[in-house]
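What follows is the residue order along each chain.
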Amino acid sequence: MRSNKTKWIIYTVLVGLIPILARFIVWLVTKEGSVDPLSASDFVAFGLVLHISNINEVEHYSGREQQWKTVQNGISITFIAFYSILLALNLIGDNIVDIRAITFCAIGLSVVSFLISYSVYDKVSRTPTSSIENTI
């Protein structure tokens, strides 16, 4: 189970964090004020990676809890829709919307997405390995 947790952290969480970490590194090495340290689009990407991973994990979950699978897929699809709205608002620009508010919303959603993703991963990882491998 420990290696599964490591794989989830590396393959899902760290890959999802690449835009955030890249922006932070760029912010560190550029002149002050030229790059914002936080961007809604980076957190949107993180949330999308988490929820797409959730959908994939749930689809390969062989547990008999069909209702749980349906609820988890519905939650992920709903969050993907929210992230799409935030991304569209972010693209409109700061003349019409408050980019800072959009960024804080994206950060909040991504924290919730991380908690949801962890709970999905935790439930799926508790299933015996043979059940998961039979579906792949």
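Structure's up top.
This is a predicted model, so every value here is computed, not measured. (Residues numbered from 1 in each chain as written. Predicted model: local features only at pLDDT ≥ 70, side-chain atom pairs only at ≥ 80, totals over all residues. Heavy atoms only, no water.)

## Focus: a nonpolar patch on the surface
Keep this limit in mind: Put simply, a patch holds well-exposed residues, over 30% relative accessible area, that have no salt bridge, with like charges counted together within 9 Å and Val, Leu, Ile, Met, Phe, Trp or Tyr side chains within 5 Å. Here the accessible surface of atoms and residues is derived via Shrake-Rupley with a 1.4 Å probe, and residues count as covered only by protein chains that are part of the display. By definition here, a salt bridge exists when the distance from a side-chain nitrogen of Lys or Arg to a carboxyl oxygen of Asp or Glu is within 4 Å. In this text, helices come from DSSP runs of H or I with a minimum length of four residues, and strands from runs of E with a minimum of two, each type numbered from the N-terminal end.
Together, Ile 9, Ile 10, Tyr 11, Leu 14 and Leu 21 line one region of the surface with nonpolar side chains, adding up to about 470 Å² of accessible area. With respect to the helices, strands and loops of the structure, Ile 9 is situated in helix H1 (residues 2-29).

## Structural notes on the packing of helix H2 (residues 40-59) against helix H3 (residues 66-92)
Just so we agree on the cut-off: The convention used is that axes are lines fitted to C-alpha atoms, helices contributing only their stretch in contact, and that angles between N-to-C directions extend from 0 to 180 degrees. Each angle receives one of four descriptions, namely roughly parallel if under 35 degrees, roughly antiparallel if over 145, roughly perpendicular if within 65 to 115, and oblique otherwise. Handedness of a crossing is defined here by the sense of rotation of the near helix relative to the far one, left-handed for an anticlockwise turn of less than a right angle and right-handed for a clockwise turn. We call two residues contacting when some pair of their heavy atoms lies within 4.5 Å. Polarity classes work like this: nonpolar for Ala, Val, Leu, Ile, Met, Phe, Trp, Tyr, Cys and Pro, charged for Asp, Glu, Lys and Arg, and polar for all others, with Gly in that last group.
Put simply, H2 and H3 touch, their axes get as near as 9 Å, and they point 160° apart. Judged by the inter-axis angle, H2 sits roughly antiparallel to H3. Read as a crossing pair, H2 and H3 show a hand that is left-handed. Where H2 approaches H3, its residues Ala 40, Ser 41, Phe 43, Val 44, Gly 47, Leu 48, His 51, Ile 52, Asn 54, Ile 55, Val 58 and Glu 59 are matched on the opposing element by Trp 68, Lys 69, Gln 72, Asn 73, Ser 76, Ile 77, Phe 79, Ile 80, Tyr 83, Leu 86, Leu 87 and Asn 90. Classifying every residue of the contact of H2 with H3 by side-chain character gives 14 nonpolar, eight polar and two charged.

## Points about the packing of aromatic side chains
Test applied: Side-chain rings of Phe, Tyr and Trp (the six-membered ring for Trp) are treated as a pair once their centres are within 6.5 Å; stacked means planes under 30 degrees apart, edge-to-face means over 60, and tilted covers the remaining angles. Three labels apply to residues, based on accessible area from a 1.4 Å probe with only protein chains included: buried if under 20% of the type maximum, exposed if over 50%, partly exposed otherwise in between.
Here the structure, examined in full by the defined rule, presents eight aromatic pairs. Consider the rings of Trp 8 and Tyr 121, whose centres lie 5.3 Å apart with planes at 15°: the pair is stacked. In this pair, Trp 8 is assigned in helix H1 and Tyr 121 in helix H4 (residues 99-125), connecting sequence segments 113 residues apart. Relative to Phe 82, the ring of Phe 79 has its centre 6.1 Å away and its plane inclined at 70°; by these criteria the two rings are edge-to-face. Separated by three residues within a single helix, Phe 79 and Phe 82 lie in helix H3, roughly one turn from each other. For Phe 79, a relative accessible area of 11% gives the class buried. In textbook terms, an aromatic cluster arises when at least three aromatic residues are bridged by ring pairs, as seen for Trp 8, Phe 114, Tyr 118 and Tyr 121.

## What about the pattern of salt bridges?
Between side chains of opposite charge, a pair can form as their charged atoms come close. By the definition in use, this model includes three salt bridges. The partner of Lys 123 in a salt bridge is Glu 65, with the nearest N and O atoms 2.8 Å apart. In this pair, Lys 123 sits in helix H4 while Glu 65 sits in the loop between H2 and H3, placing the two residues 58 residues apart along the sequence. On the basis of relative accessibility, which here comes to 27%, the residue Lys 123 falls in the partly exposed class.

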